[in-house]
Amino acid sequence: MLEFEKVAVLGFGTMGTGIAQLAAQAGCEVTVLETDQARVEAGSSALGAFLDEGVRRGKVTAERRAEILARIKGTTAIEDLADAELVIEAVSERRDVKLTLLAQVAGVVGGEAVITTNTSALSVSDLATAVPRPERFAGLHFFNPAPLMKIIEVVRAVQTAPELADRLADFARALGKEPVLVKDRPGFLINRLLMPYLNDVIQGYDDELATAEDIDTALKLGLGYKLGPLELLDMIGLDVHEHATRSAYDATLDPAFAPPPLLQAMVAAGILGNKSGAGFRGKENAR
Amino acid sequence: MISASKTVAVLGAGTMGSGIATVATRAGHRTLLYDLTEDQVERGLATVRAFLDKSVQLGRLSAEQGTAASAGISGTTDLKDLSGSDVVIEAVYEDLAVKKALFGELDEIVSETALFQTNTSTLSVTAIASGSRRPERVVGTHYCNPAPLMKLVEVADGPYTADWAHSATEEYLRSVGKTVVVTKDRPGFIVNRFLIPWENSCIRALEAGLGTKESIDAAVTGALGHPMGPFRLLDIVGLDIHQQVATRLYEQLREPRFFPPPMVERMVAAGDLGRKTGRGFYTYDDTRLFGS
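In every chain, residue numbers begin from 1 and rise along the written sequence. Chain letters and ligand numbers both follow the written order, the letters beginning at A and the numbers at 1. This being a predicted model, a pLDDT of at least 70 is required before a residue's local features are given, and a value of 80 or more before pairs of side-chain atoms are given or counted; all residues contribute to the totals for chains, interfaces and linings. As a rule here, side-chain values cover all heavy atoms of the structure and leave hydrogens and water aside.

Asks: Mind showing me how you'd approach the overall build of chain B here?
Replies: When its secondary structure is counted, chain B shows eleven helices and eight strands. A compact globule built from 292 residues should have a C-alpha radius of gyration of about 19 Å, and chain B, at 20 Å, falls within 12% of that. For chain B, the spread of C-alpha atoms along the principal axes amounts to about 60 × 45 × 35 Å. The buried share among the 292 residues of chain B stands at 54%. Runs of E in the DSSP output that reach at least two residues are strands. Runs of H or I that reach at least four are helices, and both are numbered from the N terminus. When we talk radius of gyration, it's over C-alpha atoms, and the globule rule is simply 2.2 Å times the number of residues to the 0.38. Classification of residues uses two cut-offs on accessible area relative to the type maximum, computed with a 1.4 Å probe and protein chains only: under 20% is buried, over 50% is exposed, and between them is partly exposed.

The structure is reproduced here in structure tokens:
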């Protein structure tokens, strides 16, 4: 018995696509809201392509792929979310955009519907203010790629009803994930630990401790990490990391979160990691 | 291999020294293990031979290789026996005066061209090299524990290290199958420089109630793909070792994030040092490390 059977996902980008797939795999009926038809189609085809890859690798059968896709409907009409029991917001990390959209969605769904945000960089308690009865609001933070990563952070806003965190933890388990209950602090748990470490490595690299390759090799061989920190930054996107760590710095004034000067310079120069073709480990090295 | 075979002296027959000696003899170098007492030397040699026997059992070495490697190592308590060494690797305990004095004494015993490598993890290569009248031959080579299994060696030159010494060191490390990363003589080199603040921030998150040891370990392995969470790792490393390394880095860098959080001091005071004492963040029935 699923905790929530009808799920609305807001945003059909990378995270929205992965979250929609996860919910559909668990048996939920999923409606994904986007701003225009082109984005709906882009999201659907990304989802199809991800599942095709799964079929090719023998991880999913063709029937299962069809079944999952049949449970996901894209829409541009907010009224289509009316019967949702759980809303998961996964649009771009802009406070004003999220606040406006959450207020609109709260006006359409039932008063008992649970509303969550997949934000990684904004305050969940702040976003909860967009919704009447904010005790039904919480954070549900997925990691990228959502279908593959084993953890979901369940974030208790200061307004969140205590039993809601437990319901969301059950839901995370139904998706095949391990829930980690966390407080609404900048970076929650994982990013709070990860961001200072990545900043530290960027500064060490800028201070010419070693080459980017040797820093990654040392941490992979020395600690058994799958990815070195600089490879990881190239994958995350330097702009994404810069935004997240700057938000945490603004909220805490903790210098461990301050974006290092080299990071700021690379982002300003459009050197964003894998997506821009150059990063710390790209062919055109930053230095 | 035979033509490139060298005579390697390892100073210190403890965990790191016997591991580094294992690496040398396994690669076909004539290896001498030195320590202060017969007892320490014998224990070190027994560790080396036990490791080699286990490798043969597991099929990682052929029986002939195992026999040759066991026969290729011997021990001594007399520094003069190290006179024919091409490579001297220092792996005694982390005391600057002791390390400097050893290199100074060896200046009188080994040839002018013998290479001096120091396996310090928290002391300055520059400071240790000052114990030798020929600091140009001293190179920092930081192995990971357990040395026979971990491929990484961090190589750090001091300001006076000669190019020939650096390249001969890299060549030696390649001959024993290690992967070299080149870094600078700075506290913690690369791995500890980034690991210690990371571990400290995980401990502080636990102290602050951001999660339980189980949830933080699960989150780190699940979301970041680390082979084990920070608290499992600290239990293996040993809380006393973490405290020691963190304190030494803090003393040099004066940045609070290197300083061990209060929880570490309390655990060390209580004797909860990790797996080796049966209790650290977790409790253990089996106190053996690495299944040895």
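Asks: I would appreciate a short explanation of helix H11 (residues 261-268) of chain A in the present structure.
Replies: It helps to recall that an α-helix has 3.6 residues per turn; residues three or four apart then point in one direction. Residues and elements named next belong to chain A. Within the sequence span of H11, burial applies to Leu262, Leu263 and Met266. One face of H11 carries all of its buried residues, which in axial projection span an arc of 100°. In H11, the exposed positions that point more than 90 degrees away from the buried face belong to Pro261 and Ala268. Contact partners of the buried residues in H11: helix H7 (190-206) and helix H10 (238-252). Of the residues trailing H11, Gly270 is marked for its positive phi of about 80°. What the arc describes is the spread of directions from the helix axis to the C-beta atoms. Any two residues having at least one pair of non-hydrogen atoms within 4.5 Å are treated as being in contact.

Asks: So what exactly am I meant to see when it comes to the sheet that holds strand E8 (residues 178-183) of chain A here?
Replies: Sheet strands line up and pair through hydrogen bonds in the backbone, either parallel or antiparallel. Residues and elements named next belong to chain A. In this description, strands pair whenever DSSP reports at least two bridges between them. Pairing is mixed in the open sheet, where eight strands are placed in the order E3-E2-E1-E4-E5-E6-E7-E8. For this open sheet the edge positions go to strand E3 (72-75) and E8, each flanked by a neighbour on one side alone. When strand polarity is set aside, the average angle formed by the axes of neighbouring strands in this sheet is 25°. Two strands pair when backbone bridges link them, and strand E7 (residues 151-156) and E8 are joined in this way by six bridges, in the parallel orientation. Looking at E8, one finds that Ile151 is bridged to Glu178. The convention used is that axes are lines fitted to C-alpha atoms, helices contributing only their stretch in contact, and that angles between N-to-C directions extend from 0 to 180 degrees.

Asks: Any chance you could explain the interface of chain B and chain A here in plain terms?
Replies: Where the parts come together, the accessible area they lose is often given as the size of the interface. At the interface, 38 residues of chain B touch 35 residues of chain A. A combined buried area of about 3100 Å² lies between chain B and chain A, and 70% of that area is made up of carbon and sulfur atoms. The rule for a salt bridge is simple: a side-chain nitrogen of Lys or Arg has to be within 4 Å of a carboxyl oxygen of Asp or Glu. Counting across the chain B and chain A interface gives two salt bridges. N or O atoms within 3.5 Å of each other form a polar contact, as long as, within protein, one can give a hydrogen and the other can take it, and as long as residues adjacent in sequence are counted only when both atoms are side-chain atoms. Viewed at the interface, chain A and chain B are joined by six residue pairs in polar contact (both at pLDDT 80 or more). Of all elements in the fold, only strand E7 (152-157), strand E8 (179-184), helix H7 (191-207) and helix H8 (213-224) of chain B reach the threshold of two or more residues within the side of chain B that touches chain A. Sorting elements by how many residues they give to the side of chain B that touches chain A places H7(B) first, with nine residues. Residues were grouped as follows: Ala, Val, Leu, Ile, Met, Phe, Trp, Tyr, Cys and Pro as nonpolar; Asp, Glu, Lys and Arg as charged; and all remaining residues, including Gly, as polar. Each residue belonging to the side of chain B that touches chain A can be placed in one class, and the counts come to 24 nonpolar, eight polar and six charged. The term buried area means the drop in 1.4 Å probe accessible area that two parts suffer when joined, counted for both and summed.

Asks: I'm lost on the pattern of salt bridges in this one. Help?
Replies: A side chain with one charge may pair with a side chain of the opposite charge, provided their charged atoms come close. As enumerated under the stated definition, the model contains 31 salt bridges over all chains in all. We note a salt bridge from A:Lys98 to A:Glu93, for which the minimum N-O separation is 3.1 Å. By relative accessible area, which is 1% here, A:Lys98 ends up buried. Given the relative accessible area of 23%, A:Glu93 is considered partly exposed. Note that B:Asp107 is salt-bridged to B:Arg137, the shortest N-O span being 3.2 Å. Separated by 30 residues along the polypeptide, B:Asp107 in helix H4 (residues 96-107) and B:Arg137 in the loop between helix H5 (125-129) and strand E6 (138-143) bring together distant segments of the chain. Using a relative accessible area of 1% as the deciding quantity, one classes B:Arg137 as buried. Residues participating in the shared-partner salt-bridge network are A:Asp200, B:Arg193, B:Glu255 and B:Arg257.

Asks: How should I be thinking about the confidence of the model for chain B in this particular structure?
Replies: Detailed reading of the predicted model is not advised wherever pLDDT is low. Known as pLDDT, the predictor's confidence for each residue is given on a scale from 0 to 100. Averaged over all residues, the pLDDT of chain B is 95; the fraction at 70 or higher stands at 97%. Complex prediction metrics read pTM 0.91 and ipTM 0.93.

Asks: How should I be thinking about the domain arrangement of chain A in this particular structure?
Replies: Residues and elements named next belong to chain A. Examined at the domain level, chain A breaks down into domain 1 (6-183) and domain 2 (190-276). The partner domain 2 presents five residues to the six residues of domain 1 that form the contact. Taking both partners together, domain 1 and domain 2 bury about 420 Å²; carbon and sulfur atoms supply 59% of that area. When residues of domain 1 are sorted by the area they lose upon contact with domain 2, Ala121, Phe143 and Glu153 head the list and together hold 61% of the total. Taken together, domain 1 and domain 2 are joined by zero salt bridges. Counting across the domain 1 and domain 2 interface gives one residue pair in polar contact (both at pLDDT 80 or more). Here the side of domain 1 that touches domain 2 is composed, by residue class, of two nonpolar, two polar and two charged. Domains are outlined according to an automatic or database domain assignment.

Asks: Where do I start with the environment of B:Trp198 in this structure?
Replies: Within the secondary structure layout, B:Trp198 lies in helix H7. Spatially, the C-alpha atoms of B:Trp198 and B:Pro230 are 8.4 Å apart, while their sequence positions differ by 32 residues. Setting aside residues no more than four positions away along its own chain, B:Trp198 makes contact with A:Leu193, A:Leu194, A:Tyr197, A:Tyr225, B:Val220, B:Leu224, B:His226 and B:Pro230.

Asks: Would you mind showing me how to read the packing of helix H9 (residues 229-236) of chain A against H10(A) here?
Replies: How two helices sit against one another is set out by the angle between their axes and by the gap between those axes. Residues and elements named next belong to chain A. The geometry of H9 relative to H10 is characterised by a closest axis approach of 6 Å and an angle of 95° between their N-to-C directions. Here H10 runs roughly perpendicular to H9, going by the angle between their axes. On H10, the residues that touch Leu233, Asp234 and Ile236 of H9 are Leu238, Val240 and His241. Grouping the amino acids of the contact of H9 with H10 by side-chain chemistry returns four nonpolar, one polar and one charged. For this classification, under 35 degrees means roughly parallel, over 145 means roughly antiparallel, 65 to 115 means roughly perpendicular, and everything else is oblique.

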